[in-house]
Amino acid sequence: MSIDGPRILTPPLQYIVGSFACIGGGLFGLDISSMSGVLSNHAYKDTFGNPGPNAQGAIVASMPAGSFAGALAVSKMADLIGRKWTIIISGWIWVIGSVLQCAAVNRGMLVVGRVISGLSVGIASAIVPVYQSEITEPRIRGRLVAMQQWSITWGILLQYFVEFGCSYIDGVASFRIPWGLQMIPAIVLSVGMLFFPESPRWLVDHDRDAEALEILADLHGGGDPNNELVQLEIAEIKGQVHFERTEGAKSYLDLFRPGIFRRVTLGASLQMWSQLSGMNIMMYYIIYVFQGAGLTGRRGNLIADSVQYVLNVLFTIPAIIYIDKWGRRPMLLAGTLLMGFWLMLVGGLQGRYGEWGRVDDDRVWVITGHDGITKAVIVFSYLFVCSFAITMGPVSWTYPAEIFPMRVRAKAVSVSTAANWAFNFALAWAVPPGLSNIAYKTYFIFGTFNFAAFVHIFFMFPETAGRTLEEIEDVFAQGHMFSAWSIKRDVGRKTLSDVRQAHEKHEVYEVASHDEKASA
């Protein structure tokens, strides 16, 4: 279906529904800052026994460990109770985790709270992009799903400033207040989602066609069920659901079917590359990065960190606006090259001008006596974050949410998102010991990962922008497993008459097959 043809003005309701669910993504951002903002907090260190690199890595990694389990749980929940109620439940789970973290008096209680919060984040991070992709029209689908990443950046930024303000409070309130306040967005999400619609594709799959048509009309047709776009979408959804029902039962075995397994590997590997890009270093452990650059002093470090989080928010905006125009492939290719380049520069400067020293009684590879080099490392770190924000960040959520057929979408996206959390867990635990043992070489490792991701994306990731979720089936039917660039951006696009004609042919074929079986 061409996105350049006549279109009604997109109703504001579509943006409201699609963006409100993004609060679920913001929970992940809140968690990142809830940890990164306390790493230099003496009250936090004293309360939890001055955790060393390995122990601190384990505390941070407990959240993605829970998220891994949450992402896998989504598949059953989303297909059984619907996309909407799965999001609502994720919010209440987050509240329970936040309460436990806020009240934590030892590492064990803190880790349990973070695991429970992780369950919430895993569920939300897997289901919100699915929900968004299923309720939005192709012209703006990438934009709205990309807002998932923007909400993460806002969560990081807002929580970090709360942490920064509370850092002036003496005692445990400096970290307990931020940990308690982070439950508020989850309450807003769970209560607010009660007033929003269910996914029309899920409704059709559960034989609730009239409700699905009404929702599509409200969201995409200004309330008119006879709008051409609405009729096109409901016809495609019905046809796709009918086809998938005849293909067999929904199960995890479907993920290994020809044509599906390829997409599962693409979705999971993209989430893997988003973690191996090195963004974990710059988000969770930016304080350690800037300490190594020679920026000492708690207040100065916190201010420098906040600049990075502001840039993360700002540079996600162009990606949201232009992701459907630029396309997924160009953004991923440009992003991986740029991120690899900046990390190699940071590692090279650290290796050339740094040496082992001590900062706050911790052994750190640090640059001293080179003010210009310190500033250069900070600037290159900022440029890395900007490169991620405008490319890999939004696309890593958009692409996996749109490449799977309805019958396996929830399961496949949950597997893709679980890959994100599996690598998030490993890296969150491994980075502190890595920085304290191999220091600047850590940056070279992540830089190399980015260049490897570029090669993988160039050969194997086809473009998906501008098509309905049903039309994307034609993209992968083209083949070109190792020559993705050969699939043009107009492949798969259909008009309403094309869909109706195909549907009529399918009905004629079914009637003929039935008559043949009856006569036999």
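Details of the structure are given in the entry above.
Residues numbered from 1 in each chain as written. Predicted model: local features only at pLDDT ≥ 70, side-chain atom pairs only at ≥ 80, totals over all residues. Heavy atoms only, no water.

As a further point, take the overall build of the protein. Tallying secondary structure elements over the protein gives 24 helices and 2 strands in all. Its C-alpha atoms give the protein a radius of gyration of 24 Å, within 12% of the compact-globule value 24 Å for 520 residues. Referenced to the eigenvectors of the C-alpha coordinate spread, the extents of the protein come out at roughly 85 × 45 × 45 Å. Of all 520 residues assigned to the protein, the portion counted as buried reaches 59%. A separation of at least 24 residues holds for 80% of the contacts in the protein among residues at least 6 apart in sequence. Accessible surface computed for the protein: about 19,300 Å², of which carbon and sulfur atoms make up 67%. Of note, the protein has its 40 positive side-chain charges centred 6 Å away from the centre of its 42 negative side-chain charges. (Helix = DSSP H or I, 4+ residues; strand = E, 2+ residues; numbered from the N terminus. Rg over C-alpha atoms; globule rule 2.2 N^0.38 Å. Buried < 20%, exposed > 50% of the residue type's maximum accessible area, 1.4 Å probe, protein only. Contact = heavy atoms within 4.5 Å. Areas by Shrake-Rupley, 256 points an atom, 1.4 Å probe, with all protein chains shown as cover. Lys, Arg positive; Asp, Glu negative; His and termini not counted. Charge placed at Lys NZ, Arg CZ, Asp CG, Glu CD.)

Looking now at the pattern of salt bridges. For the coordinates displayed, the defined rule picks out 13 salt bridges. Arginine 328 is paired through a salt bridge with aspartate 324; the nearest N and O atoms lie 3.0 Å apart. Using a relative accessible area of 0% as the deciding quantity, one classes arginine 328 as buried. One continuous salt-bridge network, built from bridges that share partners, spans Asp79, Arg83, Glu134, Arg409 and Lys411. (Salt bridge = Lys/Arg side-chain N within 4 Å of Asp/Glu carboxyl O.)

Within this structure, the stated rule accounts for 1 cavity of 30 Å³ or more. Empty space within the largest cavity amounts to approximately 200 Å³. Looking at the largest cavity, it is lined by 18 residues, and the ones nearest its centre are Phe28, Ile32, Gln275, Met279 and Phe388. Broken down by secondary-structure element, the contributors of at least two residues to the lining of the largest cavity are α2 (23–36), α7 (138–166), α13 (260–276), α14 (279–284), α20 (392–402) and α21 (409–437). Ranked by residues supplied to the lining of the largest cavity, first place goes to α14 with 4 residues. Split by residue class, the lining of the largest cavity holds 9 nonpolar, 9 polar and no charged. (1 Å grid on protein atoms, 1.4 Å probe; cavity = no way out; pocket = protein on both sides within 12 Å on 5 of 7 lines; lining within 4 Å. Points joined across faces, edges and corners; volume = space filled by probe spheres on them. Nonpolar A, V, L, I, M, F, W, Y, C, P; charged D, E, K, R; others polar.)

Before going further, it helps to spend a moment on helix α9 (residues 184–192). Residues of α9 that are buried: Ala186, Leu189, Ser190 and Gly192. Those residues of α9 hidden inside the fold are in contact with α1 (12–20), α2 and α5 (83–103).

Here we take up the pairing of strand β2 (residues 362–367). Direction of pairing for strand β1 (residues 354–359) relative to β2: antiparallel, over a ladder of 6 bridges. Among the inter-strand pairings, arginine 358 is bridged to a residue of β2, identified as arginine 363. Taken together, β1 and the strand that follows it, β2, pair antiparallel across an intervening segment of 2 residues, in which aspartate 360 is found at a positive phi of about 55°. (Pairing = 2+ DSSP bridges.)

What follows deals with a nonpolar patch on the surface. A cluster of nonpolar side chains, Leu80, Ile81, Trp85, Ile89, Trp92, Ile187, Val191, Leu194 and Phe195, forms an exposed patch at the surface whose accessible area comes to about 860 Å². Elements supplying a minimum of two residues to the nonpolar patch: α4 (53–81), α5 and α9. In terms of residues, the nonpolar patch owes the most to one element, α5, which gives 3 residues. Under the relative-accessibility criterion, leucine 80 is labelled exposed at 61%. (Patch = residues over 30% accessible without salt bridge, like charges linked within 9 Å, V, L, I, M, F, W, Y side chains within 5 Å.)

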